[in-house]
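# Structural characterization, general
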Amino acid sequence: MYHKVQSMDGRSLNLTAENIARLHQLFPDVVSEGRVDFDRLRAALGAADALAPAGPDHYELRWAGKADARREVQRSTTATLLPNPSQSIDWDTTGNVFIEGENLEVLRVLQRGYFGKVKMIYIDPPYNTGSDSFVYPDDYGERREDYEKAIGQRDENGFLNKQDLWKKNTRESGQYHSAWLSMMWPRLYLSRNLLREDGVIFVSIDDNEMHNLRLLMNEIFGEENFVGTIIWKKKTNGNNVGDIPPVHDYILCYAKRKFDKQDILLGFPMTEEYLRKTYKNPDKDKRGAWTTSDLSANHEGPYFPIFNEKTGITYYPPEGRYWVFNETEVKTRIKDGRIIFGTKGLTAPVQKSFLRDRKSTRLKADSWWSEHGLNEDGTAELAAMLGPKVFVHSKPSILIKHLLNITTVSGDIILDFFAGSGTTGQAVYQLNEESKGNRRFILVQMAERIEGSRIKFNNIAQITQQRLAKAGELLRQKQANTLPLDSSSYIQDLGFRAYRLDYSNFRAWRPNVTGPSEILSQLELFQEPLRQAVSDEAMLTELLLKMGGSADILPLSVAVTRRSLGGLEVHDVANGLVWLALAGINPAVIAAAVAERPQRLVIPGRLFGGDNPDEQVSNARLQLADAGVTLQLI
């Protein structure tokens, strides 16, 4: 959906402006001040020669390394996620996902399975205070040793050392801000793809990069999609640091498409208590419960006297304000009791606002959050679960829970790709319990090694997993002590599926081979396309991630039923969307597919053997095609 450019001067539609508006909705970063940057557009469409910095002909954010950061968006990957049921909770039934891995590469991996599916993103990235460490430049290879280098396990010589790619960005660096911007750009860009049309993103930040983050997100999400800034009071004093000691952080909010305020669902749900306190009916109005609202506004409008016949007093709008209705409409509303002079008829005129006429069932959020937890609450909360000094500056779960509450409903997917200690996951658990909902999360955290005295865990990803497990366990204990009201009582999802970023299970063609012998050797390897023996679960995960598309998005938590057909196991994905016959096919499999008609039957091509495998494939394809089933070989 996009904003149509409308002409109000009697002229025909301006097709150029219309097309620019369409481009701006698809690629917010290629349009600035109503002009298309064609180099950016070509870059967004994959033209490698279009990434040189453009001339200073329009307003934009520039930094050293921006072209390289934009190239990161164009990179593809063959990486996959390795499932780990043994480190998961309720693997077969949960819809929650935890992924250990470098988050830029994970975002690439998730593009097919979750494109346009995430309702809310919350991230708490490095603040670039001068002591932060993060991975830059981003350059992920396909080999295990490259991944180990990226997560800080090995240096260039193979020795355990996390200092080569996981670097500290000091203020003395000549590209101090540039390095941070280059780290953030591709991650934010790829995350935008995952948002639903009514999706929103929240990003926590402090004064070090607030100014740059706002400009960066204006460019990636579009300035018109800026929703607002929440100022969160994180501590009671600033410890006398700086001339004006800071006690706050910022939380920037942008929408994927802010074409209608109702569509992005911003605001706290109205509670029964709020309704009882706010809406009353003291005069027994037949239109039901009501509250009062201002009759004036600060935009230019009608200005005239309103006379109260009961008191004889004449009222005008306050200075600088105007009535919201014209004189005729005001008289009509006074007559039918929709404009009153206070509940006793003795004060300035106000509107009656009836509950039945209220379009939104949510209350707008304030921009100043001083009662939504402090940093010290987050520290104490985590210490109570996992022990003291496990993780510094963890956000309190009540803060994230409030963000979830103003943007999500049951069934929504929430993504946090700077998961840290896992606060977002715990907040999802808590809000689901309170609202009897089924929100689902995807958390991503690199296995960054922990140094110093925090020796209980080897890396941050372990902390994330343990917190999720402990938070779920505590809620289970709480619910076990609560008697169910009826037999259909709410059963909460308190589990998660654990995955680890890994190289593909399939062999990759090496384009740089030279000479007939190397080419022949490469071809021989592809007689067996798998790198090594892999479990069905690992193969299934990779296929789900890579088969998804606009027509059939296949998230990691998609329902999969295992069926035995003629002695062979078949995975039925999404109740007939796809059948995966990873063990091969036989007449029973084909007969069942013809009878039940899944959209696709997928089978490894290597399983067609014998003297004439091509004939076997053709016969199977014809039988299935007659039933409307597509045979796909991998």
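Calculation criteria
- Residues numbered from 1 in each chain as written.
- Predicted model: local features only at pLDDT ≥ 70, side-chain atom pairs only at ≥ 80, totals over all residues.
- Heavy atoms only, no water.
- Salt bridge = Lys/Arg side-chain N within 4 Å of Asp/Glu carboxyl O.
- Helix = DSSP H or I, 4+ residues; strand = E, 2+ residues; numbered from the N terminus.
- Buried < 20%, exposed > 50% of the residue type's maximum accessible area, 1.4 Å probe, protein only.
- Expected span 1.5 Å × (residues − 1).
- 1 Å grid on protein atoms, 1.4 Å probe; cavity = no way out; pocket = protein on both sides within 12 Å on 5 of 7 lines; lining within 4 Å.
- Points joined across faces, edges and corners; volume = space filled by probe spheres on them.
- Nonpolar A, V, L, I, M, F, W, Y, C, P; charged D, E, K, R; others polar.
- Phe/Tyr/Trp six-rings, centres within 6.5 Å; stacked < 30°, edge-to-face > 60°.
- Lys NZ or Arg CZ within 6 Å of the ring centre and 35° of its normal.
- Pairing = 2+ DSSP bridges.
- Axes fitted to C-alpha atoms, helices over the stretch in contact; angles between N-to-C directions.
- Parallel < 35°, antiparallel > 145°, perpendicular 65-115°, else oblique.
- Left-handed = near helix turned anticlockwise from the far one by under 90°.
- Contact = heavy atoms within 4.5 Å.
- Arc of directions from axis to C-beta.
- Polar contact = N/O pair within 3.5 Å; in protein donor to acceptor, adjacent residues only side chain to side chain.
- pLDDT = per-residue confidence, 0-100.

## A few points about the pattern of salt bridges
Inspection of every chain in the model, using the stated rule, returns 33 salt bridges. In this structure, Asp-90 and Arg-476 form a salt bridge, with 2.7 Å as the shortest nitrogen-oxygen distance. Of the two residues, Asp-90 is situated in the loop between strand 3 (80–83) and strand 4 (97–100) and Arg-476 in helix 14 (residues 460–480); the sequence distance between them amounts to 386 residues. Using a relative accessible area of 32% as the deciding quantity, one classes Arg-476 as partly exposed. Notably, a salt bridge pairs Lys-234 with Asp-249, separated by 2.8 Å at the nearest N-O pair. Of this pair, Lys-234 sits in the loop between strand 9 (226–233) and strand 10 (248–255) while Asp-249 sits in strand 10; the two residues are 15 residues apart in sequence, bridging distant segments of the chain. Exposure remark for Asp-249: the relative accessible area of 2% places this residue in the buried category. Connected via shared salt-bridge partners are Glu-60, Arg-62, Lys-66 and Glu-219.

## Remarks on helix 8 (residues 210–221)
Taking 1.5 Å per residue, 12 residues should reach 16 Å; helix 8 reaches 16 Å between its end C-alpha atoms and fits that length. With nine of its 12 residues buried, helix 8 lies for the most part within the structure. For helix 8, the complete set of buried residues consists of Met-210, Asn-212, Leu-213, Leu-216, Met-217, Asn-218, Glu-219, Ile-220 and Phe-221. Downstream of helix 8 by one or two residues, Gly-222 has phi in the positive range, about 95 degrees.

## What about empty space enclosed by the protein?
The final tally for this structure, using the stated rule, is two cavities of 30 Å³ or more. If you add up the space inside the second largest cavity, you get close to 30 Å³. Contributing to the lining of the second largest cavity are Gly-95, Val-97, Tyr-114, Ile-413, Arg-440, Phe-441, Ile-442 and Ser-557. Among the elements that line the lining of the second largest cavity, the one with the most residues is strand 22 (residues 440–445), at three residues. Considered class by class, the residues forming the lining of the second largest cavity number five nonpolar, two polar and one charged.

## Regarding unusual backbone geometry
Positive phi, close to 55 degrees, is recorded for Asp-90, a residue that is not glycine. Even without being glycine, Asn-575 reaches a positive phi, approximately 55 degrees. With respect to the element layout, Asn-575 can be found in the loop between strand 25 (568–573) and strand 26 (578–580). With a relative accessible area of 73%, Asn-575 lands in the exposed category.

## Thoughts on the packing of aromatic side chains
Summed over the entire model, instances satisfying the criterion amount to 11 aromatic pairs. Measuring from ring centre to ring centre gives 6.3 Å for Tyr-303 and Tyr-322, while their planes differ by 75 degrees; the resulting arrangement is edge-to-face. Within this pair, whereas Tyr-303 is found in the loop between strand 13 (296–297) and strand 14 (306–308), its partner Tyr-322 is found in strand 16 (residues 322–323), the two being separated by 19 residues in sequence. Cluster of aromatic residues (ring-pair linked, three or more members): Trp-63, Trp-185 and Tyr-189. Across from the ring centre of Phe-226, 3.6 Å away, lies the NZ or CZ of Arg-214, which sits over that ring. The ring of Phe-325 carries the charged tip of Arg-333 above its face, separated from the ring centre by 4.1 Å.

## Examining the pairing of strand 25
By the bridge criterion, six bridges tie strand 24 (residues 560–565) to strand 25 in an arrangement that is antiparallel. Its bridge partner being in strand 25, Val-560 is matched across the sheet by Val-573. The loop that links strand 24 with its antiparallel partner strand 25 comprises two residues; one of these, Gly-566, has a positive phi angle of about 60 degrees. Here three bridges tie strand 25 to strand 26, and the two strands are oriented antiparallel to one another. What sits directly across from Val-573, in strand 26, is Val-578. The antiparallel hairpin formed by strand 25 and strand 26 contains four residues in its connecting segment, where Ala-574 sits at a positive phi of about 55 degrees.

## Considering the packing of helix 3 (residues 66–74) against helix 7 (residues 176–194)
The geometry of helix 3 relative to helix 7 is characterised by a closest axis approach of 8 Å and an angle of 30 degrees between their N-to-C directions. Taken together, the axes of helix 3 and helix 7 are roughly parallel relative to one another. Both helix 3 and helix 7 take part in a crossing whose hand is right-handed. Contacts between helix 3 and helix 7 involve Ala-69, Arg-70, Glu-72 and Val-73 from the former and Ser-182, Trp-185, Pro-186, Tyr-189 and Leu-190 from the latter. Each residue belonging to the contact of helix 3 with helix 7 can be placed in one class, and the counts come to six nonpolar, one polar and two charged.

## Focus on the sheet that holds strand 26
Strand order in the open sheet made by the five strands is 24-25-26-27-28, with mixed pairing throughout. The outermost strands of the open sheet, each flanked by one partner alone, are strand 24 and strand 28 (630–633). Across this sheet, the average inter-strand angle for adjacent strands is 25 degrees, counted without regard to direction. As paired elements, strand 26 and strand 27 (residues 600–603) share three bridges and run parallel to each other. The residue bridging Trp-579 from the neighbouring strand is Leu-601, located in strand 27. Along the sheet, helix 16 (residues 536–547) contacts strand 24, strand 25, strand 26 and strand 27; its crossing angle with strand 25, the most-contacted strand, is approximately 35 degrees.

## Focus on the side chain of Asn-103
Counting through the fold element by element, Asn-103 comes out in helix 4 (residues 103–109). In this structure Asn-103 touches Arg-187, Phe-417, Phe-418 and Val-444, once residues within four positions along its chain are discounted.

## So, helix 17 (residues 587–596)
For helix 17, the set of buried residues is Val-589, Ile-590, Ala-592 and Ala-593. Seen from one end, helix 17 has its buried residues packed into an arc of 165 degrees, which puts them on one side. Exposed and oriented more than 90 degrees from the buried face of helix 17 are Pro-587 and Ala-595. With a side-chain oxygen positioned 3.1 Å from the backbone nitrogen of Ala-588, the residue opening helix 17 is Asn-586.

## Comments concerning the packing of helix 12 (residues 397–407) against helix 13 (residues 423–435)
Relative to each other, helix 12 and helix 13 sit at 60 degrees, their axes nearing to 8 Å. When the interaxial angle is binned, helix 12 and helix 13 end up oblique. Along this stretch, helix 12 crosses helix 13, giving a crossing that reads as right-handed. Along its contact with helix 12, which presents Ser-397, Ile-400, Lys-401, Leu-404 and Asn-405, the element helix 13 presents Thr-423, Thr-424, Gln-426, Ala-427, Val-428, Gln-430, Leu-431 and Glu-434.

## Some thoughts on the environment of Leu-415
Tracing the backbone shows Leu-415 in strand 21 (residues 413–416). Exposure remark for Leu-415: the relative accessible area of 0% places this residue in the buried category. Sequence separation of Leu-415 and Met-120 is 295 residues, and the distance between their C-alpha atoms is 6.4 Å. Sequence-distant contacts of Leu-415, that is, excluding residues within four places in its chain, are made with Leu-107, Val-118, Met-120, Ile-121, Tyr-122, Leu-194, Ile-442 and Val-444.

## A word on the confidence of the model for the chain
Residues at a pLDDT of 70 or more form 79% of the chain, whose mean pLDDT is 81. Below a pLDDT of 50 lies the segment residues 137–144, which in the model reaches 24 contacts outside its immediate sequence neighbourhood of four places, other chains included.

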